[in-house]
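# Structural description and commentary
Read off the chains here:
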Amino acid sequence: MREGLGLCVTALLTGVLASACGSRPARADNEPSEQDFSMIERGRYLTTVADCAACHTNPDSHDLFAGGRPIETPFGKVLAANITPDLETGIGSWTDAQFDAAVRMGRGPDGERLYPAMPFPYYTRMTPQDVRAIRAYLNTVPPVNNPVRSNQLPFPFNIRTGMAVWDTMYFEPGTFRPDPQKSAEWNRGAYLVQGPGHCGACHTPKTMLGGDLKQQPLQGYTIQGWFAPNITNDLQLGLGRWSVEDVVTYLKTGHNRLAGASGPMSEEIVDSSSRMSDPDLHAIAVYLKDLSGTSGTGKPLAAGNLQMVAGAAIYRDLCSACHAPDGSGVDYLIPNLALASSVSSREPTSLLRVVLHGTQTVATPREPTAPAMPAFGWQLTDAQVAAVTTYVRNSWGHAAPAVSAGDVHKLRPLDSEGGG
Ligand code: HEC
Ligand code: HEC
Ligand code: HEC
């Protein structure tokens, strides 16, 4: 007994071997317990679900979580911070409370307000335990010395106190509250979508200042020149024609019998949703399929409309070989245009980009071969692109506003940047 106690005292003094005393040390350097391991593993998974790396890893340097990637906001650019455990330039010296305040309350280490380019308005729905697990995982990544000055905004937006107004208008802090009327699976899906998944950051319509229009959650928004469609269960504009399995397959592989992901969503799928567990993907799908959106009630344009006649001819010549005359495509290879909700979104941006620039679905580890959609921008005039997309948007059960040559022209300059 005596000897054991002596060892304990020495251990406490030196901070080494503390685990030999039976009590858990505050932090056993390099010797995490089994409990720590499972917390770190859970944190690693949540960091993937929350896609922290998407912004905090600069694609030019590849240093994981070392920051420096510019994030667009309605006010200008904000650089994502260094969140490696580097003591000097990262968050190594932060307390867990400071980390929690940053992620769930949008506050910097000295209480200053962070810009909502950091999606804290969604992460606030996470539980404190989940945020602590993320911190535990981030503590294990290699520290990188990389000073980042996040605030690159012009006056007056560079004054962080101005964000107090934004927070009052748009920020509703608070952990997710489960709905006892719904199943455990639905609530898990709601938690993932509203919290760590921050799907609304792209899919929820925003005010001029980038605040969520809370009455229209997940009903579609244009971000970085791409339209993130309505992902409620709305029949015309949303996922109404998708099954739960269709949603799971899309989030897991980047495509399904109805659609293929491109643009920012393909990044999201490769880095985040393709790595989520099957039960979590199923929970997300169950939740999304239970959300009602506003239903589109429009009638399709008449078949005799001049744009429709021209569009039908172009479709027959250039598109029907792959997508079939009735738009039905080929299962898992060529999207079914009759069922793709992206085709009849109120905003034609994504549709126009696909037709002008072509695209390739993402290749995820689970499904390595990805078919491509050729670019037609070089071959068709603005009016022709407008006609064929108007035709597609008003055929096979779709009804959506016509596209004008001007709409097409606005997306043309991106050709020179090799966009798409
Ligand atoms: C959509 C992009 C984006 C995502 C996703 C994102 N962040 Fe951020 N984060 C930022 C930006 C931009 C800043 C800088 C904000 C500022 O300075 O006002 C930031 C700031 C922070 C800060 C404050 C750092 C400091 O030095 O002040 C922490 C901590 C942080 N993020 C952690 C995380 C974690 C953890 C995740 C995942 C759960 C995450 N972020 C996901 C963009 C993002
Ligand atoms: C960085 C922005 C961004 C984030 C975050 C994001 N999405 Fe998307 N999402 C998009 C864009 C853009 C599209 C349209 C892609 C296209 O046109 O191919 C899209 C498409 C989709 C589609 C297909 C809709 C259709 O009708 O074709 C689904 C389903 C979807 N997202 C679900 C989600 C879920 C669930 C989350 C959160 C876990 C999420 N997205 C997070 C940008 C985003
Ligand atoms: C060589 C075969 C081929 C031809 C020809 C073709 N497509 Fe595609 N198309 C594809 C493939 C493959 C995809 C899926 C790739 C992706 O989404 O990244 C696709 C995707 C699309 C999408 C996106 C569907 C979604 O789920 O969001 C639209 C819209 C589209 N095509 C319209 C057209 C139109 C209009 C034409 C004629 C001007 C055309 N395509 C010609 C093969 C083709």
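Above this text is the structure in question.
Structure report, in brief. In this text, all values refer to a predicted model and were calculated from it rather than measured experimentally. (Residues numbered from 1 in each chain as written. Chains lettered and ligands numbered in written order. Predicted model: local features only at pLDDT ≥ 70, side-chain atom pairs only at ≥ 80, totals over all residues. Heavy atoms only, no water.)

## Things to note about the coordination of the iron atom of ligand 2
For the record, the criterion: A 2.8 Å cut-off from the metal defines N, O and S donors, relaxed to 3.2 Å for Na, K and Ca; water is not in the atom list, so some sites may appear incomplete. In short, tetrahedral needs four donors with all angles between 85 and 135 degrees, square planar needs four and octahedral six donors with opposite donors over 155 degrees apart and all other angles between 65 and 115, and whatever is left is irregular. Here a strand is any run of E in DSSP of at least two residues, a helix any run of H or I of at least four, and the numbering for each starts at the N terminus. The classification of residues rests on relative accessible area computed with a 1.4 Å probe and restricted to protein chains. Under 20% of the type maximum is buried, over 50% is exposed, and intermediate values are partly exposed.
Donor atoms from the polypeptide that bind the iron atom of ligand 2 are His203 (NE2) and Met265 (SD), placed at 2.0 to 2.3 Å. Bound by six donor atoms, the iron atom of ligand 2 shows angles of 86 to 179° at the metal and therefore octahedral coordination geometry. Highlighted residues: histidine 203 in helix H9 (residues 200–203) and methionine 265 in helix H11 (residues 263–271), separated in sequence by 62 residues. Taking relative accessible area as the criterion, histidine 203 reaches 10% and is therefore assigned buried.

## Digging into the packing of aromatic side chains
The geometry of an aromatic ring pair is captured by two quantities: the separation of the ring centres and the angle between the planes. As a reminder of what qualifies: For this analysis, a ring pair means two rings from Phe, Tyr or Trp (six-membered ring only for Trp) whose centres lie within 6.5 Å, classed as stacked if their planes differ by under 30 degrees, edge-to-face if by over 60, and tilted for the remaining angles. Charge over a ring is defined by NZ of Lys or CZ of Arg lying within 6 Å of the ring centre and within 35 degrees of the ring normal.
Going through the model one piece at a time under the given rule, you end up with nine aromatic pairs. Taking 5.3 Å as the distance between ring centres and 65° as the angle between the ring planes, the aromatic pair formed by tryptophan 242 and tyrosine 250 counts as edge-to-face. Grouping residues by exposure puts tryptophan 242 and tyrosine 250 together as buried. Site record: aromatic cluster; members linked through ring pairs are Tyr315, Tyr391 and Trp396. Seen from the ring of tyrosine 221, lysine 206 lies directly overhead, with NZ or CZ sitting 4.9 Å from the centre. The ring of tryptophan 226 has arginine 353 lying over it, and the distance from NZ or CZ to the ring centre is 5.0 Å.

## Brief notes about the pairing of strand S1 (residues 70–73)
Note the threshold: When DSSP locates at least two bridges between a pair of strands, those strands are taken to pair.
Taking every second residue as pointing to the same face, the buried face of S1 carries Ile71 and Thr73, while none of Pro70 and Glu72 on the other face is buried. The pairing of S1 with strand S2 (residues 76–79) spans four bridges and is classified as antiparallel. Its bridge partner lying in S2, threonine 73 is registered against glycine 76. Two successive antiparallel strands, S1 and S2, enclose a turn made up of two residues.

## Examining helix H14 (residues 349–357)
Because an α-helix completes one turn every 3.6 residues, residues spaced three or four positions apart along the sequence face the same direction. The element H14 is extensively covered by neighbouring structure, given that eight of its nine residues are classed as buried. Within H14, burial applies to Thr349, Ser350, Leu351, Leu352, Arg353, Val355, Leu356 and His357. Residue glycine 358 follows H14 closely and has a positive phi angle near 70°.

## Details of the nonpolar core
Our working definition: Nine residue types can take part in a nonpolar core, namely buried Ala, Val, Leu, Ile, Met, Phe, Trp, Tyr and Cys, and a core is a set of them joined through side-chain atoms within 4.5 Å. Per the annotation, domain bounds derive from an automatic or database assignment of domains. The contact definition used throughout considers only heavy atoms, calling two residues in contact when any of these lie within 4.5 Å.
Formed by 61 residues in total, the largest nonpolar core has its most connected members in Phe99 and Leu288. Secondary-structure elements contributing two or more residues to this core are helix H2 (34–49), helix H4 (96–105), helix H5 (120–123), helix H6 (128–138), helix H7 (163–170), helix H8 (184–194), helix H10 (244–253) and helix H12 (278–288). In terms of residue count, H6 provides more of this core than any other element does, six residues in total. Shared between two domains, this core holds at least three residues of each, these being domain 1 (34–170) and domain 2 (184–288). Leaving out residues up to four positions away in the same chain, phenylalanine 99 has contacts with Ile91, Trp94, Val131, Ile134, Arg135 and Leu138.

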